[in-house]
Amino acid sequence: MKQEETTPEQRPPARLPLWANPRIGLVVLLIALIALFTTLRPAFLNTQLTLVPMQADISVYAVVGLSQLAVLSLGHMNMAVGRMAAMSAFASGLLHDRLDAPLLVALAGGLAVGALLGALAGLVISRTGVNSFVVTLALDFALIGLVSLLYATFTDGVAFNGLPAGMSALRTDTFADYCAGDVCGPEIPLLAPIALIAVLGVGLLFRWSRVGREVLMTGANAKAAELSGIPVRWRVVQAHALSGLLAGLAGFLLSANNGSFSAGVGDGFLLPSFLAPVLGGTLLVGGAVSVLGTVLGTAITQVIYKGLNLLQFQVDELKLYIGLVLLAALSLDRLRHVLAERRGVPA
Amino acid sequence: MLLAEGLTKSFPGVRALDGATLRLAAGSVHALLGENGAGKSTLVKILTGVYRPDAGRVVLDGRDVHFGGPLEALHAGIGVVHQERNLVPEFSIAENIALQHLPNRLGMVDRNRMRAEARRCLGLLDLDLDPDTRVAELSVAQAQLVEIAKALSVDTRVLLLDEPTASLTGDEADRLYAIVRKLTATGHAVVLVSHKLEEVFAVADTVTVLRDGRSVAEAQPLAGYTRDEIVDLMVGRAYASVELTARTVDRTATPALELAGLSTRHGHRDVSLTVARGEILGLYGLVGAGRTELAKALLGLDEITGGEVRVHGAPVRIRDVGQALRRHRIGYVPEDRKGEGLFLEQPITRNVGVTVWRRLARFGLIPDRAERDVVAEYTRLLGIRAASPAQLAGQLSGGNQQKVSLAKWLAASCDILIVDEPTVGIDVRTKAAFHELIARLAGQGMAILLISSDLPEIVTLADRIAVMGDAAVRGELANDRDYDAVSQRVIRLIHAAPVPA
Amino acid sequence: MTSTVEKTTRAATAPAAPPSRLRRTVRTSEFTLATLAVIGFVALTLTTDGNMLSAGTLAAFFRFLAVPMIIGLAQMVVLAIGQMNLSVGVLTGFCAMVAAWAMLEAGLPAPLAVLAALLLGAAVGLGNGLLVVFTRINAFIVTLATMTIIDGLRYGVNGPGTYQDYSAGLEELGQASLLGLPVVFLIACAVAAMVWFFFARTVPGRHLLASGGSPFAARLSGVSNDRSIVLAHALSGLLAGVAAVLTLAQSGSVNATIGDDLLLPSFAAPIIGGVALAGGVVSVLGTSLAAFIVRLVDVAQAQFAINRRWVDLIVGAVVLGVVLSGAIRAKLSRRSS
């Protein structure tokens, strides 16, 4: 069991072979899927019918994936992503409905609520040392109830009527609707750049920022992190707060996409939140994340959804194929690891 | 009865055993002695089927045996009680004892037979424990005895005890040894691995001493030796000390680090130590003496209940490692480098850079180039051999890992360094290089508290030696680097009866 | 510490004296849960003017306790080795759909269809276990993937359609009572007893717990941890199959949404019941009692016409409370020793 230290240090620094880069595999898979669906149904490349809504969906679910990724970096889980999103959307809706807050204020309020909920989970986890799965699961239960109670109390049903000015534009418009003279923007929904900012922000955080790196180090080895002077508990709280914040953003994007702040926001977030990062190569052990992989993982799942949808598969039946792709990708990844290890290359 | 001959076992970078021989006779207690890293644990693990030897053979009752795993060794009649606990805490005593061959009828556990079997094994040891008690409810000593009972549950004739008294009180140890003597009376052979010489002399009949993986005394009657002679055998007269440049320590200046009458929640009492700038204070003691715990309390990881810590003369209260590092420039290189010192799955760059990110960061972001420069500087300075800075720390050899673990504190420009067992599991040559490095750091004015159970290391490096036992300082002596004289004095301090508190 | 030390070899001779055994019983989390359950039940009876005790209410109470109990046990079995099974809920739905299909479309008699559901559950669980062992991928992820797959399969059986009137006998069984208690509940109790027996008395059960409690010690004693993992997952699947059969019996109609609302409760029951996520500890009684308490909350909601969502809120608060009090107690006892 206790394997003594291995020393491949004398070996020449082997470069990672191209096939061993997991991200490239995902890109190839993505392209292959798009090619496949386009051959079967040329309508797959129809801008209005497929591409624009698909971009909007990818935008929403990429942020959902990032929300989970934020705590996977620690080796933790957030079972309450969906409900944090719902609470955040509720806060935005309430701010608009009661205080007539403009779009940005409503958004900021929603994000703050998401971040606070995340921080609360992180605080409980870091103070008590209880498994993050249990804490966030319990929080999820509590919030499921709270969300519907709040909607029942403050609205006449399950949704707020009306949206802040500008929010419906987020849903309906693409950049092609905005022209300067004869030059119009590309057919990209307005939601996309918001998600892109989140992707870049999280990427920047984990790649270059001190806080992000210290979160990763905490995930890699909490004991060593503490003994290296990293404020471990505070980093745990921060990572969970980030997760809540991103869940809130995803809730906002979905509300924009749906056209209302409703109690159902976030109901379907849990599964995709794990699917995307895991498909993208982020493990549950903590210490390493792949932001780009998460985006690719989201794109692949959404392409499969849309493609099979066009092929007139039933919505629920699609899950079968998503699951198979996930299983295949994971097994291949495992195989890749084994092969790479045999060659003495750190995979 | 059991003969292990010419055993050799190498791990990358270290030759743990180099032709060691162990000969056992039935009905005797055999002591296996040696310093840390002499190869005792490796020998025990080969005999119990955990490792396979590279060369040499194991002969049991005149027949060559090869063990494919722990269970095979057990069925061949070799039982072992490891240093770590290996019981299932939620199970009853009876079930733990019988776990390897649960008596059953049609797949159902026959609890009566299981209990009877457990009673028989407990009876062998004259233990009066209820077999239905959960192991989690037992004291450490009781659990230890249950492990012995478990080792006897198969028809065991050779019993290996690896540091059985490390976590026992004197009283408990006496009871354990009474049981050991009973076992030998019934024809068992017992191998006792222990650091505690007075116990060894009280219990064992014969002795094998290991040094650097070789047996320097083979199955000699213990009565023929005095304690000092055994110590000589263990540490070796011919210890080639590294030539280190002499340092001068200015003892009149304010000490860099000063502990005044410190007590901690762990149980340290009235610990007073001082380390001056440019000085190496060696802190020697047996495993479990409380040295690592003292270091951790100093860093704020355990509660200090009394006394005072002074850094450069000013009393301080340290809350956590971050504060120790940033405000007081104290670094700590932990003993357990894989568990606490390194991020094994992270590249060298991150491992070294982790303490300097705060300094390098611009607007919260860390420029790659600045980090690379810092890492390159210390990789060169310490001679870390790696394929590239992107190599994972877990892929380095033990010596290079330790250098990485040290590098982060040098990069953070500490001026007080606590180094805990820096050369455990590191081969001789790398060890010498390490010693030079530590001496050089002190020569540059760093105050170093060197925690080590390796006596030659302490004598080579330290300016003064403090000896610790049972969470208190037993005594302090100046090191004149005359190895024989100093080691005798240190060992005497260690084995002196504990001063009543 | 010192007091125990002195008694090293002499101590604990006689089996624990009655008062201390009583105290030990009182201290267990099962006792706390049982007290809570009784208090809750009595309180509910009093506040509803005895309505709880009317035959109809009581029977409904126990009838709808059966499935949550079994599903909690299905999760508990996997928690015993320190892993999770996210596919329990959808697997229940899938087995139910397949059994209904077998009766209606393949014309299988009800007993054979029941057997098929059980076998299917066990087989899928076995598949989960083998995947975990052979790929060495975290069970959470493996069952996440299989959950997605089974979700699709479950839907594939009959699309959005509903199956009903599949077996008069089965439905009769679902409504039948014995000694005033619904038969489905009695079946659930019998299954729970078997699970208890498995963990308490059989060799594979004990090996499974040893693997969960300390894998290394288990390995040194010749226990195959891999076999324990496969067995735990297969058993979890089998229990999901049992839950499917009970669902078929009591509800009278099934569709592709069966099992959707079972995943989170499957965790709540064992966690409230004192089962550690780290593995090695199971409590069949605790899990069943926790399911009972959750059911009480459910009924209270119905009786007082409270918003349905209070139930989740309260369950969440209870889970968090149990976990936190456990952590605090552990911290306190560490401090006092």
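Model, not experiment: these values are computed from the prediction.

Across the contact, 32 residues belong to chain A and 42 residues belong to chain B. Around 3200 Å² of area is buried between chain A and chain B when both sides are counted, 54% of it from carbon and sulfur atoms. Here chain A and chain B share three salt bridges between them. With its nearest N and O atoms 3.6 Å apart, the salt bridge here joins Arg213 of chain A to Asp368 of chain B.

Bringing the sheet that holds strand E20 (residues 447–452) of chain B into the picture now. Residues and elements named next belong to chain B. Pairing is mixed in the open sheet, where six strands are placed in the order E18-E19-E20-E15-E21-E22. Two strands lie at the open edges of the sheet, namely strand E18 (330–333) and strand E22 (472–478), each paired on one side alone. The mean angle between the axes of side-by-side strands here comes to 20°, regardless of whether they run parallel or antiparallel. Where strand E15 (residues 280–285) lies against strand E21 (residues 464–469), five bridges are found, and the strand directions are parallel. The partner of Tyr284 across the bridge, within E21, is Val467. Relative to the sheet, helix H18 (residues 483–495) contacts E15, E21 and E22, its axis offset from that of E22 by approximately 165°.

All names here are of chain B. Checked against the element boundaries, Val216 lands in strand E12 (residues 214–221). You can call Val216 partly exposed: its relative accessible area is 33%. Sequence separation between Val216 and Leu273 is 57 residues; the distance between their C-alpha atoms is 37 Å. The contacts of Val216, once residues within four sequence positions are left out, are Val209, Arg211 and Leu233.

A few words on the nonpolar core. Within the largest apolar cluster, 266 residues are counted, with the highest numbers of intra-cluster contacts made by Phe133 of chain A together with Phe140 of chain C. Per element, the largest residue contribution to this core is 13 residues, and it comes from helix H13 (residues 225–251) of chain C. Residue contributions to this core reach at least three from each of two domains, namely domain 1 (2–235) and domain 2 (254–329 + 414–423 + 447–501) of chain B. Apart from the residues lying within four places of it in its own chain, the contact partners of Phe140 of chain C are Met77, Met79, Phe133, Phe274 and Leu284 of chain A together with Met84 and Leu86 of chain C. Residues Leu257, Leu273, Val356 and Ile384 of chain B belong to the second largest nonpolar core, which totals 76 residues.

Turning next to the packing of helix H10 (residues 183–201) of chain C against helix H11 (residues 203–213) of chain C. All names here are of chain C. At a closest axis distance of 5 Å, the pairing of H10 and H11 adopts a crossing angle of 70°. One finds that H10 runs roughly perpendicular with respect to H11. Note on element contacts: H11 touches H10 through Val203, Pro204, Gly205, Arg206, Leu208 and Leu209, opposite Phe198, Phe199, Ala200 and Arg201. Tallied by class, the residues present in the contact of H10 with H11 amount to seven nonpolar, one polar and two charged.

This paragraph deals with the interface of chain C and chain A. How big an interface is tends to be stated in terms of the accessible area lost upon association of its parts. Each partner contributes residues to the interface: chain C has 38 residues there, and chain A has 40 residues. Run the count over chain C and chain A and you get zero salt bridges. Run the count over chain C and chain A and you get zero residue pairs in polar contact (both at pLDDT 80 or more). For the side of chain C that touches chain A, the element with the highest residue contribution is helix H16 (residues 309–336) of chain C, accounting for 12 residues.

Residues and elements named next belong to chain A. The feature "transmembrane region" (unreviewed entry), as annotated in UniProt, sits at residues 20–40, 60–81, 101–125, 132–154, 190–208, 236–254 and 274–297 in this numbering. Helix makes up 92% of residues 101–125 and strand 0%, whereas the separation of the span's terminal C-alpha atoms amounts to 34 Å. With 100% helix and 0% strand, residues 132–154 has end C-alpha atoms that lie 31 Å from one another.

Right, let's talk about helix H10 (residues 232–258) of chain A for a bit. With 27 residues, H10 of chain A should cover 39 Å at 1.5 Å per step; its first-to-last C-alpha distance of 39 Å lies within 8% of that length. Looking at the residues trailing H10 of chain A, positive phi occurs at Gly259 of chain A, about 90°.

Now for empty space enclosed by the protein. One pass over the structure, following the stated rule, counts three cavities of 30 Å³ or more. A volume near 250 Å³ is recorded for the largest cavity. Within the residue set of the lining of the largest cavity, elements represented by two or more residues are helix H2 (70–75), strand E6 (78–81) and helix H5 (140–153) of chain B together with helix H12 (215–220) of chain C. Here the lining of the largest cavity is built from residues that sort into nine nonpolar, six polar and two charged.

This part takes up a nonpolar patch on the surface. Together, Leu106 and Met108 of chain B together with Trp196 and Phe197 of chain C give the surface a local cluster of nonpolar side chains, amounting to about 440 Å² of exposed area. One can find Phe197 of chain C in helix H10.

With that out of the way, let us pick up the confidence of the model for chain B. Across chain B, the average pLDDT comes to 84, with 93% of residues at or above 70. For this predicted complex, the interface confidence score (ipTM) comes to 0.80, while the overall pTM stands at 0.82.

Moving on: the pattern of salt bridges. For the structure on display, the rule yields 33 salt bridges over all chains. Put simply, Lys9 of chain B and Asp54 of chain B hold a salt bridge, and the shortest N to O gap is 4.0 Å. Here Asp54 of chain B lies in the loop between helix H1 (40–47) and strand E4 (55–60) and Lys9 of chain B lies in strand E1 (residues 2–11), a separation of 45 residues in the sequence. We classify Lys9 of chain B as buried; its relative accessible area is 12%. On the accessibility criterion, Asp54 of chain B (47% relative accessible area) is partly exposed. In this structure, Asp64 of chain B and Arg57 of chain B form a salt bridge, with 3.2 Å as the shortest nitrogen-oxygen distance. Shared partners join several salt bridges into a network, and the residues in it are Arg207 and Arg213 of chain A together with Asp368 and Glu371 of chain B.

Calculation notes
- Sequence positions are assigned chain by chain, starting from 1 and proceeding in written order.
- Just so you know, chain letters begin at A and ligand numbers begin at 1, following the order they were written in.
- Where local features are concerned, this predicted model is filtered to residues with pLDDT of at least 70; where side-chain atom pairs are given and counted, the filter is 80 or more; whole-chain, interface and lining totals use all residues.
- Hydrogens are left out, water is left out, and the side-chain values use all remaining heavy atoms of the structure.
- In what follows, residue pairs with any heavy atoms lying within 4.5 Å of each other are defined as contacts.
- Accessible area that two parts lose when put together, evaluated with a 1.4 Å probe and summed over both, is termed the buried area.
- The salt bridge definition used is simple: a Lys or Arg side-chain nitrogen within 4 Å of an Asp or Glu carboxyl oxygen.
- At least two bridges found by DSSP between two strands are what make those strands a pair.
- We count a stretch as a helix when DSSP gives it H or I for four or more residues in a row; a strand needs E for two or more, and each element gets its number in order from the N terminus.
- Between N-to-C directions, angles span 0 to 180 degrees; the directions come from axes that are lines fitted to C-alpha atoms, helices contributing only their stretch in contact.
- Per-residue accessibility, obtained with a 1.4 Å probe over protein chains only, is compared with the maximum for each type, and a residue is labelled buried under 20%, exposed over 50%, and partly exposed between these values.
- Here the nonpolar core consists of buried residues drawn from Ala, Val, Leu, Ile, Met, Phe, Trp, Tyr and Cys, with membership extended through side-chain atoms lying within 4.5 Å.
- By convention here, the domain bounds are inherited from an automatic or database domain assignment.
- Small angles under 35 degrees read as roughly parallel and large ones over 145 as roughly antiparallel, with 65 to 115 read as roughly perpendicular and the rest as oblique.
- All residues other than Ala, Val, Leu, Ile, Met, Phe, Trp, Tyr, Cys, Pro, Asp, Glu, Lys and Arg, Gly among them, are scored as polar; the first ten of these are nonpolar and the last four charged.
- Counting of polar contacts relies on pairs of N or O atoms within 3.5 Å, with two restrictions inside protein: one atom must be capable of donating a hydrogen and the other of accepting it, and residues adjacent in sequence are counted only when both atoms are side-chain atoms.
- UniProt positions are given in the numbering used here, feature names are shortened, and annotations may be inferred rather than shown by experiment.
- To estimate how far a helix should extend, the number of its residues minus one is multiplied by 1.5 Å.
- Of the two site types, the cavity is a set of points on a 1 Å grid over the protein atoms alone where a 1.4 Å probe fits but cannot get out, and the pocket is an open set with protein on both sides within 12 Å along at least five of seven lines, each lined by residues with an atom within 4 Å of a point.
- Grid points are joined across faces, edges and corners, and a volume is the space filled by probe spheres set on the points.
- Surface patches are drawn from residues lacking salt bridges whose relative accessible area is over 30%; two like charges belong together within 9 Å, two nonpolar side chains (Val, Leu, Ile, Met, Phe, Trp, Tyr) within 5 Å.
- Areas reported here follow the Shrake-Rupley algorithm with a probe of radius 1.4 Å; residue values treat only the protein chains shown as occluding.
- pLDDT gives the predictor's per-residue confidence on a scale running from 0 to 100.

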